[in-house]
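Residues per chain are reported as follows:
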Amino acid sequence: MVPSLSPNLLLVLAMLLKTKSVSGTAVVLGLSQPSISRSLARLREALGDPLLVRSGAGMIRTHRGDELVGKLADWVAATSSLLTERTFDPAGVERRFRIASTDFGVMSVLLPALAALREAAPGIAIDILPLNHATHRSLAEGDIDFAVSGLEHDPSQLHRLHLFSDSFVCVTGPAHPLASASEEPLPVGEFLAYPHLGITVSDAGLDRVATLLGTEAGGRRVAASVPYFALAPDLLLAGDLVTVVPSRAMPRFARLGELATRPAPEALGKLEYWLLWHERSHRDPASAWLRDRLLEACRVPGE
């Protein structure tokens, strides 16, 4: 029958066989000599072998002790490594990260970072999931690792990293009455006088323009809505609509040269964009590395 020995007792045995000394083991482990002597007696009884025997002024291992000393040294090393701080090497990481985002988040955060990520950490894969209204729950339950979002969130519930601030622009087709070269923000009255293309965010279908304008948005006519920023140019060019997008989205539009832009009404303010994550991954080295890389990709030269 294999004896049942606690990890603490095995550690004592490993030190006894290494030092071949009760007093030396006591010093290493910070225990009293009587305590080590009692442990040695228990070990001898459990294993049916003296393990250490007197020889002159010291002690030597028995054959059974010699058999165990190497195995126990390996066990101590392996056990200690479990608690050793991990050294992070991005080149050697094999990991899939799940990031919730709109297509604007992909355009402005993930796309600029992807080439550098692939070069530094070819074993890292990124899965993009739709942004939902229950970000905290999705992060807490491990359904996603990060969320890239400009939506309202509770900073007391999540860790966050500010990625950038952005302004809004009104976008139309070139023949639209609002199309002009003016650098002045569009007055709210003029903005609301024309039918809109609404861009909804998350599975809750949130329309930022309606949220930000509040009661002023009562007269707004939304002729069509879409959850994808990337489709806005084609929909605008197919009709007489106006929409609002963050300025960072504009360079990513395939039909940029066919569109007209003007600063959005000042009432829409600024877009603050965040990277969000939960406490469960806050101290993970790979997650911390990825957070830093995404932040670097969002920086505009000269800022």
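Predicted model, so just to flag it, every value in this text is computed and none were measured. (Residues numbered from 1 in each chain as written. Predicted model: local features only at pLDDT ≥ 70, side-chain atom pairs only at ≥ 80, totals over all residues. Heavy atoms only, no water.)

Caption draft 1: Local environment of the side chain of Thr102. In this fold, Thr102 is placed in the loop between strand E3 (95–101) and helix H5 (103–120). Classification of Thr102 as buried rests on a relative accessible area of 12%. In terms of polar contacts, Thr102 uses its side chain to reach the side chain of Tyr273, at 3.5 Å. (Helix = DSSP H or I, 4+ residues; strand = E, 2+ residues; numbered from the N terminus. Buried < 20%, exposed > 50% of the residue type's maximum accessible area, 1.4 Å probe, protein only. Polar contact = N/O pair within 3.5 Å; in protein donor to acceptor, adjacent residues only side chain to side chain.)

Caption draft 2: Here's a closer look at the pairing of strand E12 (residues 270–277). Among the 8 residues in E12, 6 count as buried, and that is most of the element. Here strand E5 (residues 146–149) runs beside E12; their pairing, made up of 3 bridges, is antiparallel. Across the sheet, Val148 pairs through a bridge with Leu275, a residue of E12. As judged from the 8 bridges shared by strand E6 (residues 159–172) and E12, these two strands associate in the antiparallel manner. When the sheet's bridge partners are listed, Ser165 is paired in E12 with Glu272. (Pairing = 2+ DSSP bridges.)

Caption draft 3: Representation of the packing of helix H1 (residues 7–19) against helix H2 (residues 22–29) in the model. With their axes 9 Å apart at the nearest point, H1 and H2 run at an angle of 130 degrees to one another. Classified by the angle between their axes, H1 and H2 sit oblique to one another. Handedness of the H1/H2 crossing: right-handed. Of the residues in H2, those touching H1 at Leu11, Val12, Met15, Leu16 and Thr19 are Val22, Gly24, Thr25, Val28 and Leu29. Of the residues that constitute the contact of H1 with H2, the class distribution is 7 nonpolar, 3 polar and no charged. (Axes fitted to C-alpha atoms, helices over the stretch in contact; angles between N-to-C directions. Parallel < 35°, antiparallel > 145°, perpendicular 65-115°, else oblique. Left-handed = near helix turned anticlockwise from the far one by under 90°. Contact = heavy atoms within 4.5 Å. Nonpolar A, V, L, I, M, F, W, Y, C, P; charged D, E, K, R; others polar.)

Caption draft 4: Representation of H5 within the structure. Compared with an ideal rise of 1.5 Å per residue, which puts 18 residues at 26 Å, H5 spans 24 Å between its outermost C-alpha atoms and is within 8% of the ideal. The principal kink in H5, of about 45 degrees, is found at Leu114. Taken residue by residue, H5 has Asp103, Phe104, Gly105, Met107, Ser108, Val109, Leu110, Ala113 and Leu117 as its buried positions. (Expected span 1.5 Å × (residues − 1). Bend = angle between axes of the 7 residues up to and from the residue.)

Caption draft 5: The arrangement of the packing of aromatic side chains in detail. Under the criterion given, the structure shown has 6 aromatic pairs. Taking the centre distance of 5.4 Å and the plane angle of 40 degrees together, the rings of Phe104 and Phe229 count as tilted. Linking Phe104 in helix H5 with Phe229 in the loop between strand E9 (222–226) and helix H9 (232–237), this pair joins segments that are 125 residues apart in sequence. Phe104 sits in the buried class, given a relative accessible area of 1%. Since its relative accessible area comes to 8%, Phe229 is described here as buried. Ring geometry for Phe146 and Trp277: centres 6.3 Å apart, planes at 70 degrees, overall edge-to-face. Residue Phe146 is found in strand E5, and its partner Trp277 is found in strand E12; the two are separated by 131 residues along the sequence. We classify Phe146 as buried; its relative accessible area is 0%. (Phe/Tyr/Trp six-rings, centres within 6.5 Å; stacked < 30°, edge-to-face > 60°.)

Caption draft 6: Looking closely at the environment of Gln33. Locating Gln33 in the fold gives a position in helix H3 (residues 33–47). Overall, Gln33 belongs to the partly exposed group, its relative accessible area being 44%. Between the C-alpha atom of Gln33 and that of Ser23, which follows or precedes it by 10 residues, the distance is 5.7 Å. Ignoring sequence-local partners within four residues, the contact set of Gln33 consists of Val22, Ser23 and Ala26.

Caption draft 7: Structural detail: the pattern of salt bridges. A full pass over the atoms with the stated rule returns 7 salt bridges. Here Arg64 ties to Glu67 by a salt bridge, and the two come within 3.4 Å at their closest N and O atoms. Here the residue Arg64 and the residue Glu67 both occupy positions in helix H4 (residues 63–83), the gap between them amounting to 3 residues, near one helical turn. Taking the relative accessible area as the measure of exposure, Arg64 reaches 31% and is therefore partly exposed. A salt bridge links Arg98 to Asp145, with the shortest nitrogen-to-oxygen separation between them at 3.7 Å. Of this pair, Arg98 sits in strand E3 while Asp145 sits in the loop between helix H6 (135–140) and E5, and the two are 47 residues apart along the sequence. (Salt bridge = Lys/Arg side-chain N within 4 Å of Asp/Glu carboxyl O.)

Caption draft 8: Region of the structure containing the packing of H5 against helix H10 (residues 285–298). Interaxial distance between H5 and H10 falls to 8 Å at its minimum, and their mutual angle equals 125 degrees. The angle between H5 and H10 falls in the class oblique. Here H5 and H10 pass one another in a crossing that is right-handed. Between H5, through Ser108, Val109, Leu110, Pro112, Ala113, Leu117 and Ala120, and H10, the contact on the second element is made entirely by Trp289, Leu290, Arg293, Leu294, Ala297 and Cys298. Considering only residue class, the contact of H5 with H10 consists of 11 nonpolar, 1 polar and 1 charged.

Just distances and angles here, no functional claims.
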